[in-house]
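# Reading the structure
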Amino acid sequence: MLRGRTVLLLLVLWAYLCSHGDGHRALRRTTGGRRGGAGVGLTLMGQDANGVPLRRSKRGWMWNQFFLLEEYTGMDHQYVGKLHSDGDRGDGSIRYVLTGDGAGSLFIIDENSGDIHATKRLDREEKAYYTLRAKAVNRITNTSLEGESEFIIKIHDINDNEPKFTKDPYFTEVPEMSPLGTVVMQVTATDADDPTYGNSARVVYSILQGQPYFSVEPNTGVIKTALPNMDRETKENYVVVIQAKDMAGQMGGLSGTTTVSITLSDVNDNPPRFPKSLYEFKAPESTEPGSTVAVLRATDADIGRNAEMNYRITSSDGPSMFDISTNRSTQDGVITLRKSLDFERKRSYTLRIQVENSNPDPRFLRYAATTDGATVKLIVEDVDEPPVFDRVGYVMEVKEDVAVGTIIGSVSATDPDSSRSPVRYSIDRRTDMDRVLNVHPGNGSVFMLRTLDREDIAWHNVSVIATEFNNPRLMSRVPVYVRVLDVNDNAPTFATYYETFVCENAKANQRIQTVSAADADEPIGGHRFFFSLAHEASVKANFTVRDNKDNTAGILTRRNSYSRLQRSNYLVPVVISDSDFPMQSSTNTLTVHVCTCDREGNMQLCNQEALVLTAGLSTGALMAIIFCVLILLSDTLVSVSYIHTINGSQQTKAILQKIGGIQEGKM
């Protein structure tokens, strides 16, 4: 309705201008005092936009503009102007012609009167002006009375377009707690009307909704904060409606609106806070170190990165008992156990926890406290625990000659619970399959069930089990390591089997062999062996034993010569004794064979056994060789027997076949 009133007002103004002008626009033909075709001149008469009469001289041909209001709503064709020639006597001999933009369609001319009309309603926003050409011609001869004259019809703008915003809606954000006058954003509206004509396209901005929080600059469309320190935690989202009005905002102007959605973005202006000042948690004493025993949750009105927080323990009556960390996905404070709990030793713990922002904003540190604190009380719950040994392991020592039933040590375990249940002890027989040890079920004394031999097993490792009388399912184990101590219960012997020879031409005191000894015992100070010739062989001895004082001894001859024919070998008894207590000794026999040697002492002739021994083979090795030969011989005999068996089978088969043939012939 407002737009129709504006058009009506402009039409009234147009009628007023026409009535105070010449009454019409005319092209007048001037001849300079003469009439005739060649000498006439064509003049365009009318008014410009300001009502000033228009005249076109004959030789200038600089036609001014016609002005025509857009959006004409009359029922008749809209009158534009008039062409008239001074040579026109009204007898119809002159015909007026119009060419150019829209001629014959948008613009028509009465060829007799020269009146120009617009046939359609025109829109300046579609086309702002039209260029046309006019001339007067002789109707009979069709010759021009004057050359073509060009003129422009300019479409006068009316305010028929409201301002339009480039976006609708707008979305933006501004940090909370911003100072007064902080620029939020700029909105822009455009008007399709002519900006060079009047105020139709002059836009002024105003705010219809969103006060008193925001304001807009009338000429630029810049939106600013109208209140300082707006708090996101109080109100986060705002809807602002901005109006753009043309005609410089005057009454009758057209307007358009847009919506601006403004969100206050978060800043870190709030510290974390504990909902409570005291928290109480419970944890059983069986909780493993590293387990979570409490979870705290502080709240922060901020969001995202500004709500990240750190927890720490500022004081505790259990030093180094607990740790606290932040769960980054939930921002919870997680308290974990570092050491084992013991209800019987300490039944509760008190901790002081502090929480603070991980990313504080220095601008807001002075406004409020940046940290908060709370007290955590952790109550330790009693758990029925298995017996506890007073050591993590036991080491016992016992001599290998200890008697069966002797107590070699004891273990001790107690019930850590307040009930102090009695404890029963036993041996885990899976660790003592030979049943060497046992334990007294009441007092934990460990005693022997069998004799020991250090040279057989030097260590016995068993597990002792302690169970509660009141709850046998609760048990614990402890390792017991029993070391068997050495006792000198083994006599020394030759370190290996010895056999040697003596030459028939040997001299007295000639060394024919060096022997050494070995002992299964392990005395603390090491071995010290003594060598001597057996007492029964010392009378008329053919050989003697010389102790080298280094755990070895030499066998020496006591005669100048020996006869292989008289005696082919000698047995020399050697007594070896140790130095430990009680002293142990043994008699070991050395076999000496008599052989024929050359002057240098190299053996030349000896009995068969001696030859084998000289070649480096002992009796045991010789027996092994003989055994292998016997095995080879037995395999050969088995093979021969198998061949004979096969041959016999073939012969038997042939005989049976013959018997079968005889029987068939009889039949």
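This one's a predicted model, so the numbers in the text were calculated from it and none came from an experiment.

### A short note on the overall build of the chain
In terms of regular secondary structure, the chain is built from three helices and 45 strands. Contacts in the chain between residues far apart in sequence, at least 24 positions, make up 65% of those at least 6 positions apart. Of the roughly 37,600 Å² that the chain leaves accessible, carbon and sulfur atoms contribute 52%.

### Quick look at the nonpolar core
Residues Phe 274, Phe 322, Ile 335 and Ile 353 are the most contacted members of the largest nonpolar core, which totals 25 residues. For this core, the elements supplying multiple residues, two or more each, are strand E21 (278-284), strand E22 (292-297), strand E23 (309-316), strand E24 (322-327), strand E25 (332-337), strand E26 (348-357) and strand E27 (371-381). Those residues within four positions of Phe 322 in sequence are excluded, and the remaining contacts are Val 293, Ile 313, Ser 316, Ile 335, Thr 336, Leu 337, Arg 338, Tyr 349, Leu 351 and Leu 378. Formed by 24 residues, the second largest nonpolar core is a distinct cluster that contains Val 411, Tyr 425, Val 436 and Val 482.

### Observations concerning a nonpolar patch on the surface
Residues Val 395, Trp 459 and Tyr 481 make up a contiguous nonpolar surface patch of about 310 Å² in total accessible area. Following the sequence through the fold, Trp 459 ends up in strand E35 (residues 459-468). With a relative accessible area of 44%, Trp 459 lands in the partly exposed category.

### Things to note about the state of the cysteines
Following the criterion strictly, the structure yields two disulfides and no others. A sulfur-sulfur distance of 1.7 Å marks the disulfide that ties Cys 595 to Cys 606. Between Cys 595 and Cys 606 the disulfide shows an S-S torsion of about -60°. By sign, it is left-handed. Remark: Cys 606 occurs in the loop between strand E45 (603-605) and helix H2 (608-614) and Cys 595 occurs in strand E44 (residues 585-597); sequence separation between them is 11 residues. There is no split in this pair, since Cys 595 and Cys 606 are both buried. In the chain, the bonded cysteines, taken in the order they occur along the sequence, pair up as 1-3, 2-4.

### Structural notes on the pairing of strand E20 (residues 255-265)
As judged from the six bridges shared by strand E13 (residues 170-175) and E20, these two strands associate in the parallel manner. Residue pairing for E20: Pro 175 is matched across the bridge by Ser 265. One ladder, built from nine bridges, connects strand E19 (residues 237-245) with E20; its direction is antiparallel. Bridge pairing in E20 places Val 239 opposite Ser 261.

### Description of the sheet that holds E23
The strand order E21-E27-E26-E23 describes an open sheet built from four strands, whose pairing is mixed. Strands at the two margins of the open sheet, each flanked by one partner only, are E21 and E23. Neighbour-to-neighbour, the strand axes of this sheet turn through a mean angle of 30°, independent of strand direction. Where E26 meets E27, nine bridges bridge the pair, whose relative direction is antiparallel. In the strand pairing of E27, Ser 348 is matched with Ile 379.

### Digging into the packing of aromatic side chains
The final tally for this structure, using the stated rule, is 14 aromatic pairs. Seen in terms of ring centroids, Phe 165 and Tyr 205 are 6.1 Å apart; in terms of plane orientation they differ by 50°. Their pairing is tilted. You can see Phe 165 sitting in strand E12 (residues 164-165) and its partner Tyr 205 sitting in strand E16 (residues 204-209), a full 40 residues away along the chain. Across the pair, exposure class does not vary: Phe 165 and Tyr 205 are buried alike. Ring centres 4.9 Å apart and planes at 55° place the aromatic pair Tyr 213 and Tyr 238 in the tilted group. Highlighted residues: Tyr 213 in the loop between E16 and strand E17 (214-216) and Tyr 238 in strand E19, separated in sequence by 25 residues. By relative accessible area, which is 7% here, Tyr 238 ends up buried. Among the aromatic side chains, those forming a connected cluster through ring pairs are Phe 274, Tyr 279, Phe 281 and Tyr 311. Lying across the ring of Tyr 130, Lys 127 places its NZ or CZ 5.4 Å from the centre. The ring of Tyr 349 is capped by Lys 346, whose NZ or CZ atom sits 5.2 Å from the centre of that ring.

### Quick word on the sheet that holds strand E29 (residues 394-399)
Two strands in a sheet stick together by hydrogen bonds in their backbones, pointing the same way (parallel) or opposite ways (antiparallel). The strand order E29-E36-E35-E32 describes an open sheet built from four strands, whose pairing is mixed. Each having just a single partner strand, E29 and strand E32 (423-427) make up the two edges of the open sheet. This sheet shows a mean twist of 30° between the axes of neighbouring strands, independent of strand direction.

### Considerations on the environment of Ser 463
Within the element layout of this structure, Ser 463 appears in strand E35. It is 8.7 Å that separates the C-alpha atoms of Ser 463 and Tyr 481, two residues lying 18 residues apart in sequence. Excluding anything up to four places from it in sequence, Ser 463 contacts Ser 426, Ile 427, Asp 428, Thr 431 and Val 478.

### Some details on the side chain of Arg 454
Within the fold, Arg 454 resides in the loop between strand E34 (445-448) and E35. In this structure the side chain of Arg 454 is engaged in a polar contact, spanning 3.0 Å, whose partner is the side chain of Glu 455. Beyond its immediate sequence surroundings of up to four residues, Arg 454 is in contact with Glu 400, Val 484, Leu 485, Asp 486, Ala 520, Asp 521 and Glu 522.

### Focus: the pattern of salt bridges
By the definition in use, this model includes 18 salt bridges. We note a salt bridge from Glu 397 to Arg 483, for which the minimum N-O separation is 3.4 Å. Placement of the pair is Glu 397 in strand E29 and Arg 483 in strand E36 (residues 475-485), with a sequence separation of 86 residues. The partly exposed category is assigned to Arg 483, whose relative accessible area is 37%. Each member of the salt-bridge network shares a partner with another, and the members are Arg 232, Glu 233, Glu 236 and Asp 266.

### Focus on the pairing of strand E41 (residues 543-547)
Along E41, the buried face is formed by Phe 543, Val 545 and Asp 547; none of Thr 544 and Arg 546, which line the opposite face, is buried. Both E41 and strand E42 (residues 552-557) contribute to a ladder of five bridges, which runs antiparallel. In the strand pairing of E42, Arg 546 is matched with Gly 554.

### Describing the side chain of Thr 557
By secondary structure assignment, the location of Thr 557 is in strand E42. Judged by relative accessible area, Thr 557 falls into the buried class, the value being 0%. Within the local environment of Thr 557, its side chain forms a polar contact with the backbone oxygen of Lys 507, the two atoms lying 2.5 Å apart. Once you skip the residues sitting within four places of it in the chain, Thr 557 turns out to touch Val 502, Lys 507, Ala 508, Asn 509, Gln 510, Ile 512, Asn 542, Phe 543 and Tyr 562.

Thresholds applied
- Residues numbered from 1 in each chain as written.
- Predicted model: local features only at pLDDT ≥ 70, side-chain atom pairs only at ≥ 80, totals over all residues.
- Heavy atoms only, no water.
- Helix = DSSP H or I, 4+ residues; strand = E, 2+ residues; numbered from the N terminus.
- Contact = heavy atoms within 4.5 Å.
- Areas by Shrake-Rupley, 256 points an atom, 1.4 Å probe, with all protein chains shown as cover.
- Core = buried A, V, L, I, M, F, W, Y, C linked by side-chain atoms within 4.5 Å.
- Buried < 20%, exposed > 50% of the residue type's maximum accessible area, 1.4 Å probe, protein only.
- Patch = residues over 30% accessible without salt bridge, like charges linked within 9 Å, V, L, I, M, F, W, Y side chains within 5 Å.
- Salt bridge = Lys/Arg side-chain N within 4 Å of Asp/Glu carboxyl O.
- Disulfide = S-S within 2.5 Å.
- Pairing = 2+ DSSP bridges.
- Axes fitted to C-alpha atoms, helices over the stretch in contact; angles between N-to-C directions.
- Phe/Tyr/Trp six-rings, centres within 6.5 Å; stacked < 30°, edge-to-face > 60°.
- Lys NZ or Arg CZ within 6 Å of the ring centre and 35° of its normal.
- Polar contact = N/O pair within 3.5 Å; in protein donor to acceptor, adjacent residues only side chain to side chain.

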